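Single-letter residue listing:
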Amino acid sequence: LGIDIVPFKTCTFDCLFCEVGPTSELTGLSDKYISAGTILAEVKEWLQGGGTADCITITGSGEPTLNSELAEIIRGIRRMTGAKIVLLSNGSLFFRRSVRSAAAGADIVKVSLSAADERTLRKLNRPVRGLSFQSIVKGLRKFRSEFSGELLLEVVILAGVNDDEKTIRKIA
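Remember, it's a predicted structure, so these values are computed and weren't measured experimentally. (Residues numbered from 1 in each chain as written. Predicted model: local features only at pLDDT ≥ 70, side-chain atom pairs only at ≥ 80, totals over all residues. Heavy atoms only, no water.)

Student: Hey, could you run me through the packing of aromatic side chains in this one?
Tutor: Two measures describe an aromatic ring pair: the distance that separates the ring centres and the angle between the ring planes. Considering all chains together, one arrives at two aromatic pairs under this definition. A centroid spacing of 4.9 Å and a plane angle of 70° characterise the contact between Phe94 and Phe143, whose relative ring orientation is edge-to-face. On the criterion of sequence distance, the pair formed by Phe94 in the loop between β5 (84–88) and α3 (97–103) and Phe143 in helix α5 (residues 133–146) is long-range, its members being 49 residues apart. We classify Phe94 as buried; its relative accessible area is 0%. Its relative accessible area of 1% is what places Phe143 among the buried residues. With centroids separated by 4.7 Å and ring planes inclined at 20°, the aromatic side chains of Phe143 and Phe147 adopt a geometry described as stacked. Each member of the pair, Phe143 as well as Phe147, is classed as buried. What links up through ring pairs into an aromatic cluster is the set Phe94, Phe143 and Phe147. (Phe/Tyr/Trp six-rings, centres within 6.5 Å; stacked < 30°, edge-to-face > 60°. Helix = DSSP H or I, 4+ residues; strand = E, 2+ residues; numbered from the N terminus. Buried < 20%, exposed > 50% of the residue type's maximum accessible area, 1.4 Å probe, protein only.)

Student: What's the story with the pattern of salt bridges in this structure? I'm lost.
Tutor: Close approach of charged atoms allows side chains with opposite charge to pair. Here the structure, examined in full by the defined rule, presents eight salt bridges. We note a salt bridge from Glu154 to Lys110, for which the minimum N-O separation is 3.1 Å. Residue Glu154 is located in strand β7 (residues 150–154), and its partner Lys110 is located in strand β6 (residues 108–112); the two are separated by 44 residues in the primary sequence. For Asp117, the salt bridge goes to Lys170, with nearest N and O atoms at 3.1 Å. In this pair, Asp117 is assigned in the loop between β6 and α4 (118–124) and Lys170 in helix α6 (residues 165–171), connecting sequence segments 53 residues apart. (Salt bridge = Lys/Arg side-chain N within 4 Å of Asp/Glu carboxyl O.)

Student: Could you clarify how one ought to interpret the nonpolar core in this entry?
Tutor: Burial of nonpolar side chains together is a common tendency in soluble globular proteins. Counting 39 residues, the largest nonpolar core has Ile58, Ile77, Leu87, Phe94 and Val109 as the members making the most contacts within it. Mapped by element, the contributors of at least two residues to this core are α1 (36–48), β4 (55–59), α2 (70–80), β5, α3, β6 and α5. Ranked by residues supplied to this core, first place goes to α5 with five residues. Setting aside anything within four residues of it in sequence, one finds Val109 in contact with Leu87, Phe94, Ala103, Phe143, Phe147, Glu150, Leu151 and Leu152. (Core = buried A, V, L, I, M, F, W, Y, C linked by side-chain atoms within 4.5 Å. Contact = heavy atoms within 4.5 Å.)

The values reported here are purely geometric and, on their own, carry no functional implication.
This is the structure in structure tokens:
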């Protein structure tokens, strides 16, 4: 079961390769966006209607860690079901302690890192102002040291942008 916890295309990145199209709301501001109460009520209704899932994935057509109620959402889902909780994130906000703390409630966290340096990040991910390659990598490393669950890293290779041998080696 996939749960979208931010409005369509509300994201910290405007990636060249995004499968759901250009970002309409490029932001780094955390907000309630879709309230934990609303989300948990929908999950409860789905479960009461006979819904079952081996995993409940918090994801969406934007960056889920922008939702300021992420921790409450994860805790609420955990109380309702024994399904594994998976968080799919672009990893851009893990420099924030609140994001790392909320994400740590998931069983599996998949983050993206397709850049090897600031230049590649700007060209490929086109982040909101204020995000840097260094802060993203530092946040992901900090999260890895704190998180005891399964951490997966997604790397997207785009021809002509980050597919040369030097860049791939730096990403690795």
